[in-house]
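Here are the chains, one letter per residue:
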Amino acid sequence: MDTENAAAELVELQACGGPTSALASLAQPVRRWFQDRYGALTRGQCLAWPAIATGRHLLLSAPTGTGKTLAAFLPILNRLLTGQANDSPWAALNSGVRCLYVSPLKALVNDAQRMLNLHLDELAALVPDARRPTVALRTGDSSAVERRLLRDNPPDVLLTTPESLAVLLSQPLCRALFSGLGWVVVDEIHALAACKRGADLALSLERLEAHAGGAIQRIGLSATATPLAEAARFLVGTGRPCAIASVPDDAPVEVTVQPLPDDGSFLAQLIAAIEPRLRANRATLLFTNTRRLAERVGWSLRRAMPDWDEQIAVHHSALAAARREEVERDFKAGRLRAVVSSTSLELGIDIGTVDLVILVHPPGDVVRFLQRVGRAGHEPGRVKRGLVLTANATELLEAAVTGACGQSSQCEPLGVPDHPLDVLCQHLVGMAALETCFDDDVFSLVRRAYPYRNLTRADFDDCLAYLFGVDRTGEVWLPARLRHDEDGFTLRNAATGRLLRRNLGTIVADENSPVLMRVPPAADADISSAGEDDTTYQLVGEVTTGFAERLKPGDRFLLDGRCLECRTPRDGAVIVDEVIGRPAAPVWGGEGWPLSAELARRLYLIRVQAAEQLREGPDLLAGLLRRDYGLNAESVAVLTDYFQRQECVSEVPDQTFCLIEGMPGERDTTYYVHTPLNRLGNDALLRVLVHRLVRDKGRSARSLVADLGFAFTLSSRQEDVPGLLREMLDERTFAADLSASLAGSVTLRERFRRVAQTGLMLLRNPLGRKRRVGGPEWGDRQLFDQVGARDPAFVLLRQAEREVERDVCDLAAARAFVAQLPRLAVRCRYLTQPSPFVESWTHLAHGPAESVETPEDALRRLHAQLTGAAANDRRS
């Protein structure tokens, strides 16, 4: 079904019958309980309850703290408590799960369990002769006992994550467990739809629909999904209608942007700015863009405020689950005054009332900004107070534009990945684990999932061929996961089923090592193994294995906002004691984001607008910044000076020309090219430019990619760079040349490794011991080369290439820029100092793009390696 037809099936609920009509959909005891406990309904509940009561699929978009979870669950609990759910044909099949709740975070699952059990205890006492519905959760943290209870005594309401749901669907118990399923509630749907976890969930929902005895009502919840129609299509799949209930966020928002002095002492200035805010508020939540900075800020605050040592905590995904839950409980109970997080508290975990949210650096996109600031207030009508602290003028401008876009709800559009084939491979094996599957039936089921609406039969058949272990000619060349069975396919053997369940999921993380702290025997929190010397250990969290392997006894590092000293490795873990000292902060992979493409364009345009205002005088520019962006006098002064210095040193580019700034050195020249693209789009431009320089000119170039521009260095003093840029960024064969530049690159190899793990080609958790011959990534490197040599169009290699062109290099944005380039003037200005715009690139330190060698470079490198090896041989 195409997108246009899907759009016709979406109905937005603009009006409702009011609280009386909504309450009428509930049984009288349930209605009385709600009124006694909560009083007035929120608008979201007014819209949602009648729609859910009539069985309609529903997407509810409402601000954080407005009762979305209860809006979804109370009509369902009403039916379960009053026995109405037993009237449905599907309910008579068995006593399995009636309602399934899926969340992107385990912490949200835990929250939902606490909330439901509390409400059900109260409700069951009011409904005569009611059987209290049971609630259970299933996540990666669930114990063996909890999993056995789920099998033997299924709950009425099951709370889980996409990964754990996929595991359940691969087990024989899933038919009995879900054959009576009536409702699925998907929380924070925007956080799932835009990534592979959403594609995984979409396929699971279609499989659930096939297992259930009737249609499953789907309910999605979000605070920031845009556009809502796209989120609704993702929720219900193709060919199904969906109602949309949208509640505008009319709570007052107060956001202050404060620049910190750009003098090289950012952390000290940061702590000095934060401390008075913490003392002035009862509860403050701080967000950083990386776990590393969260640790540094948490530790620095505890040192600067020793009287608050036990009232400041850190919260991020590298900490032990028990510690994160403890921080959440203590913050909600008021025992903590401040918590520093990276991303783990962005979504709707119940942490109580927050007076102020502080953002250390702008977050890079509007949706994340709204999620973070939205944690303040967290009740209907309460003021949401946010403070953004910035390190330089570029960040200050970004924060101002992000805040203004957030105030006017100009969010980035949701981008649903298009039929990821590695996720499909997982589900094909999962379906085959239960029964013999038939190609045509499975293909039809998969295409009903919205991310797979454009899946071709050729791609589907290629996935099956890979899983059968054969190439396009039918020759066996890979270990098989499936085998032919009659006219269909089934699992190859029982061992493959065990491998599947050990390797399900789309989250591919770095290999980590646990950090264990020695604790007194009396300690009883999250206790791990005890050794032969009866020493007891407590899990603090984890660091990357690479970081752990470099630690020596006596080295100190930060984790949980504490200074930990490495004692000795033990069975792959790092044993530590808490000490007083000056620690180093670990570096975790995959942190930080580029600007969103939309925000990059808006920043480029505001710079043009600011330059136009400045030409009429600085007062006009100052008025614009105060009026349209709500900046205070200090911020206005910083940005006015920023633009004036750019105009003095160089100029501000606009839509009519492309600006290049050249910085000659003694032997070479670095050229800074300004574009309206974010880092992903500029990465694509730069890769093609460097590739063509090598191929067509026999010249190499060092390079740097950033938001709003890129740089390359040539070994010449001066040349016709505008002409060279036009020639090297010609639109013809751009996509093919980007593909050629990526072939064999570290970027593609790394992405293929991730795709191969998701697609069950490389196993994160093989049966038995992990083989480490040649190092932990030896097999990965060999596999990439072997696959490329055997079949350059191999299905998982194609998937990796697609992802690099979407997630690492924005091919579409780059092609649009090069298509426009012939119509633009290209100006090259030679400068004696970096312009203010370029200075921010070094501040941000995005790192160089991958270099491409000329044949001469390769020969010189090989010669150096050989002569160095010979010298080493002589020395030995």
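The next subject is the pairing of strand 15 (residues 482–485). Note that strand 15 and strand 16 (residues 488–491) share four bridges and pair antiparallel. Each bridged residue has a counterpart across the sheet, and for Asp485 the counterpart in strand 16 is Gly488. In this antiparallel pair of consecutive strands, strand 15 and strand 16, the connection spans two residues, and Glu486 shows a positive phi of 55°.

This next bit is on the pairing of strand 23 (residues 657–664). Burial analysis of strand 23 places seven of its eight residues in the buried class, the great majority of the element. As judged from the six bridges shared by strand 23 and strand 27 (residues 825–830), these two strands associate in the parallel manner. Along strand 27, the bridge assignment pairs Cys658 with Val826. Here strand 23 runs beside strand 24 (residues 669–674); their pairing, made up of five bridges, is antiparallel. Residue pairing across strands places Ile660 opposite Val673, the latter belonging to strand 24. Counted between consecutive antiparallel strands, the loop separating strand 23 from strand 24 contains four residues.

Attention shifts here to the sheet that holds strand 14 (residues 384–390). Ordered in space as 9-14-13-10-12-11, the six strands form an open sheet in which the pairing is parallel. The sheet terminates laterally at strand 9 (253–259) and strand 11 (312–315), the two strands that pair on one side only. The sheet shows a mean angle of 20° between the axes of neighbouring strands, taken without regard to direction. Along the sheet, helix 13 (residues 266–280) contacts strand 9, strand 10 (284–287), strand 12 (338–341), strand 13 (356–360) and strand 14; its crossing angle with strand 13, the most-contacted strand, is approximately 175°. On top of the sheet, helix 14 (residues 291–304) reaches strand 10, strand 11, strand 12 and strand 13; it is set at about 175° to strand 11, its chief contact.

So, about the packing of aromatic side chains. Inspection of the entire model under this criterion finds 17 aromatic pairs. Geometrically, the ring pair formed by Phe34 and Trp49 is edge-to-face, given 5.1 Å between the ring centres and 85° between the ring planes. Of the two residues, Phe34 sits in helix 3 (residues 28–38) while Trp49 sits in helix 4 (residues 43–53), which places them 15 residues apart along the sequence. Both residues of the pair, Phe34 and Trp49, belong to the buried class. Relative to Phe794, the ring of Tyr466 has its centre 5.5 Å away and its plane inclined at 85°; by these criteria the two rings are edge-to-face. Here Phe794 lies in the loop between helix 30 (778–790) and helix 31 (795–808) and Tyr466 lies in helix 20 (residues 457–468), a separation of 328 residues in the sequence. Feature note: the residues Trp33, Phe34, Tyr38 and Trp49 constitute an aromatic cluster, connected by ring pairs.

Counted under the stated rule, the structure contains 60 salt bridges. Across the salt bridge formed by Arg687 and Asp683, the nearest N and O atoms sit 2.4 Å from each other. With Arg687 and Asp683 both in helix 26 (residues 679–697), this residue pair falls four residues apart, about one helical turn. The class of Arg687 is buried, set by a relative accessible area of 7%. Each of the salt bridges in this network shares a partner with another, and the network as a whole consists of Lys196, Asp422, Arg751, Glu803, Arg806 and Asp807.

Next up on the list: helix 26. Between its first and last C-alpha atoms helix 26 spans 26 Å; for 19 residues at 1.5 Å apiece the expected length is 27 Å, and the two agree. Across the 19 residues that make up helix 26, a large majority, 15, are buried.

Definitions and cut-offs
Residues numbered from 1 in each chain as written. Predicted model: local features only at pLDDT ≥ 70, side-chain atom pairs only at ≥ 80, totals over all residues. Heavy atoms only, no water. Pairing = 2+ DSSP bridges. Helix = DSSP H or I, 4+ residues; strand = E, 2+ residues; numbered from the N terminus. Buried < 20%, exposed > 50% of the residue type's maximum accessible area, 1.4 Å probe, protein only. Axes fitted to C-alpha atoms, helices over the stretch in contact; angles between N-to-C directions. Contact = heavy atoms within 4.5 Å. Phe/Tyr/Trp six-rings, centres within 6.5 Å; stacked < 30°, edge-to-face > 60°. Salt bridge = Lys/Arg side-chain N within 4 Å of Asp/Glu carboxyl O. Expected span 1.5 Å × (residues − 1).

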